[in-house]
Amino acid sequence: MIDFKENVNSNQKTTEETRQQMSFLGQAKELVKERSERRGYPLTFHVTTFGCQMNARDSEKLTGMLLAAGYVEKETEDADFVIYNTCTVRENANNKVYGRLGYLHGYKKQNPQMKIALCGCMMQEDVVVSKIKQSYPFVDLIFGTHNIYKFPELLVSVLESESQIVDIWKEHGDIVEDLPSVRKYPFKSGVNIMYGCNNFCTYCIVPYVRGRERSRQPRDILRECERLVKDGVVEIMLLGQNVNSYGKTLQQEISFADLLKEVATIPDLQRIRFMTSHPRDLSDELIEVMASYKNICPHLHLPLQSGSDTMLAAMNRHYTKAHYLSLVDRLRAAIPDITLTTDIIVGFPKETEKEFAETLSFAEQIRFYEIHVFKYSRRRGTPADRDPDQVPEPIKGVRSDTLLELTAKQSKEFRARRIGKETEVLFEEEKEYEGRRYWIGHTREYVLVAMRSVESLENRILPVVPTEFLTGEVLLARTADSVL
């Protein structure tokens with residue numbers, strides 16, 4: 001057990017902030033109660049999440065705080081309080097938000113007391129905030145990524161005010177986590193271990209909207225994980241923009257491998273996942289820890305972005321494809337059943353047919369389980385956006401389709417190799433396929449599996465044997481023995 005020393009001053013500051021926000025939450029609860037009684041029904045809310053796992057975790061916090069304030073969750077957007085938790089990694093995410101704001105305006109005309117809030121990465125862009133102020137004045141609250149923990153205070157302000165409230169911070173050093181939160185699944189949860197990014201890839205806006213790297217104190221992370229396990233959580237995903245650089249900003253610097261080892265020793269924690277890993281910082285120590293603990297799932301999302309060294313340099317990724325291939329070889333030698341997934345960008349500025357062919361060939365060589373293919377999206381303020389040699393959209397489309405064909409083929413072959421082999425599945429929910437109900441869940445390698453059962457399989461980890469394809473992305477399974 002490593003002796004993680006705490007930053008006492010930081011802990012005192014965040015504890016005081018938590019107390020202050022809980023006080024505001026109490027005020028919000030009184031305001032919501034008064035309005036509910038006046039209108040004769042409970043006030044409702046709806047949260048829509050765009051973007052990554054970290055956004056999803058932030059939405060769980062927002063949901064928890066709204067429930068604590070007395071709101072009742074509603075599945076549709078015709079609610080009394082609607083929040084869009086936005087993403088800005090790609091332009092189409094921004095456009096989707098703008099498009100849906102028109103629908104919300106229609107709801108607000110029918111319910112003038114409705115409150116609309118926008119938060120998340122998109123709100124950290126000055127040009128976005130200016131556009132919302134000018135074109136969408138009916139939006140009541142705008143806040144960003146650095147002050148989400150102040151939502152109770154903002155909630156009181158927006159309930160007491162008729163004017164638009166904008167509270168965007170460019171940076172913030174404090175990390176405040178001990179506020180109400182509601183998990184989508186009671187048996188699995190994300191845990192933020194750090195915020196921000198220091199890598200400044202030339203296409204990426206994340207360092208500008210999420211800020212520089214800030215790591216949480218390890219003891220705070222471990223305590224949160226322990227509380228979750230006591231609350232019935234069996235699977236935890238450790239979250240950060242680049243988890244491999246965890247700990248570098250702490251007074252007592254530790255590695256992500258050290259932290260992962262400590263989390264893996266928590267009693268009754270059956271599954272651990274993490275994302276996202278940057279290839280530059282993936283250490284042999286981390287590979288060794290992954291191989292040493294059975295509850296660390298043999299699945300790694302390792303973004304490649306390009307199989308061309310020229311493009312990798314232009315993207316400021318700080319590794320070559322030879323380095324990436326060496327990592328893959330070491331991972332597969334240490335963890336033979338590991339599943340590798342990745343991100344690849346096509347149509348990056350100056351990408352030629354030759355360089356795209358290198359990427360295609362490299363992806364064929366690695367044999368990924370899944371490739372998340374993205375057409376390069378220009379993001380204002382990034383170096384790649386200023387490059388005059390932009391690739392035309394039709395060419396991006398052709399390259400994207402070509403790579404999607406490859407990943408469909410490789411994914412099918414990967415799943416086919418799982419048929420007939422016993423595996424463990426954590427069943428998560430019931431879902432309908434072609435008129436029949438199935439319980440679905442993921443294997444430790446993150447393969448989606450379905451099985452029929454008259455009794456609930458939710459939150460059960462069972463040995464099963466995949467027998468055939470139910471759909472192109474889901475394997476149908478039977479029980480491995482008489483467990484049911």
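Here is what the cut-offs are and how they apply
Residues numbered from 1 in each chain as written. Predicted model: local features only at pLDDT ≥ 70, side-chain atom pairs only at ≥ 80, totals over all residues. Heavy atoms only, no water. Helix = DSSP H or I, 4+ residues; strand = E, 2+ residues; numbered from the N terminus. Rg over C-alpha atoms; globule rule 2.2 N^0.38 Å. Buried < 20%, exposed > 50% of the residue type's maximum accessible area, 1.4 Å probe, protein only. Contact = heavy atoms within 4.5 Å. Lys, Arg positive; Asp, Glu negative; His and termini not counted. Charge placed at Lys NZ, Arg CZ, Asp CG, Glu CD. Arc of directions from axis to C-beta. Axes fitted to C-alpha atoms, helices over the stretch in contact; angles between N-to-C directions. Parallel < 35°, antiparallel > 145°, perpendicular 65-115°, else oblique. Left-handed = near helix turned anticlockwise from the far one by under 90°. Nonpolar A, V, L, I, M, F, W, Y, C, P; charged D, E, K, R; others polar. Pairing = 2+ DSSP bridges. Right-handed = clockwise from strand over helix to strand, strands pointing away. Disulfide = S-S within 2.5 Å.

A. The overall build of the chain, seen in detail. Within the chain, the regular secondary structure consists of 13 helices and 19 strands. Computed over its C-alpha atoms, the radius of gyration of the chain comes to 23 Å, within 12% of the 23 Å expected for a compact globule of 484 residues. Overall, the C-alpha framework of the chain stretches about 65 × 60 × 55 Å when taken along its three principal axes. A burial count over the chain gives 56% of its 484 residues as buried. Put simply, 74% of the contacts in the chain that link residues at least 6 apart link residues at least 24 apart. Across the chain, the mean location of the 65 positive side-chain charges is 2 Å away from that of the 70 negative side-chain charges.

B. Quick peek at helix α4 (residues 126-135). Of all the positions in α4, only Val128, Val129 and Ile132 are classed as buried. The arc enclosing the buried residues of α4, seen along the axis, measures out at 95 degrees, which places them on a common side. Facing away from the buried side of α4 by over 90 degrees, the exposed positions are Asp126 and Gln134. Contact partners of the buried residues in α4: α3 (91-110), β4 (115-120), β5 (141-143) and β6 (165-167).

C. Spatial organisation of the packing of helix α7 (residues 218-230) against helix α8 (residues 256-264). One can describe the packing of α7 onto α8 by two numbers: an axis separation of 10 Å at closest approach and a directional angle of 25 degrees. The angle between the axes of α7 and α8 places the two elements in the roughly parallel class. Of the two elements, α7 crosses α8, and the hand of that crossing is right-handed. Only Leu259, Glu262 and Val263 of α8 make contact with α7, whose side of the interface consists of Pro218, Ile221, Leu222 and Cys225. Each residue belonging to the contact of α7 with α8 can be placed in one class, and the counts come to 6 nonpolar, no polar and 1 charged.

D. The arrangement of the environment of Leu476 in detail. Tracing the backbone shows Leu476 in strand β19 (residues 475-479). According to the relative accessible area criterion, Leu476 is buried, its value standing at 18%. Remark: the alpha-carbon pair of Leu476 and Pro466, spanning 10 residues in sequence, is separated by 5.5 Å. Residue contacts for Leu476: discarding those within four places in its chain leaves Tyr438, Ala450, Val465, Pro466, Thr467, Glu468 and Leu470.

E. Main features of the environment of Tyr293. Its place among the elements puts Tyr293 in the loop between α9 (284-292) and β12 (299-301). Tyr293 sits 21 residues away from Ile272 along the chain, and the two C-alpha atoms are 9.6 Å apart. Each residue touching Tyr293, except ones within four places of it in the same chain, is listed here: Lys261, Ala264 and Thr265.

F. Looking closely at the sheet that holds strand β13 (residues 339-346). Strands sit in the order β12-β13-β14 across an open sheet of 3 strands; the sheet is parallel. Lying at the two open borders of the sheet, with one neighbouring strand each, are β12 and β14 (370-375). Looking at each pair of strands side by side, their axes are set apart by 15 degrees on average, direction ignored. Bridge analysis of β13 against β14 gives 6 bridges, and the strand direction is parallel.

G. Structural context of the pairing of strand β11 (residues 271-275). Counted residue by residue, β11 has 4 buried out of 5 residues, so it is predominantly covered. Two strands pair when backbone bridges link them, and strand β10 (residues 235-239) and β11 are joined in this way by 5 bridges, in the parallel orientation. Bridge pairing in β11 links Leu238 to Phe274. One crossover worth recording links β10 to the parallel β11 by way of α8, and it is right-handed.

H. Examining the sheet that holds strand β7 (residues 188-192) more closely. With respect to topology, 3 strands assemble into an open sheet ordered β7-β10-β11, the strand pairing being parallel. A single partner strand is all that each edge strand has here, and the edge strands are β7 and β11. Taken over all neighbouring pairs, the strand axes of this sheet differ in orientation by 20 degrees on average, direction set aside. Sheet analysis places β7 next to β10, joined by 5 bridges and oriented parallel. Bridge pairing links Asn192 to Leu239 in β10. Together, β10 and β11 form the strand contacts of α8, whose direction differs from that of β11 by roughly 155 degrees.

I. A look at the state of the cysteines. The full count for this structure, using the stated rule, is 0 disulfides. In this structure Cys119 is not part of a disulfide, and its nearest cysteine sulfur, from Cys121, lies 9.4 Å away. Since its relative accessible area comes to 0%, Cys119 is described here as buried. Between Cys197, a free cysteine, and Cys201, which holds the nearest cysteine sulfur, the sulfur-to-sulfur gap is 6.4 Å.

J. Structural context of unusual backbone geometry. Here the amide bond leading from Met275 into Thr276 is cis, since omega sits at 5 degrees, within 30 degrees of zero. Considering the arrangement of structural elements, one finds Thr276 in the loop between β11 and α9. For Asn316, which is not glycine, the phi torsion reads 65 degrees and is therefore positive. As for its placement among the helices and strands, Asn316 is situated in the loop between α10 (309-314) and α11 (321-334). Since its relative accessible area comes to 24%, Asn316 is described here as partly exposed. Not every positive phi belongs to a glycine, and Glu434 is a case in point at roughly 50 degrees. Tracing the backbone shows Glu434 in the loop between β15 (423-433) and β16 (436-443).

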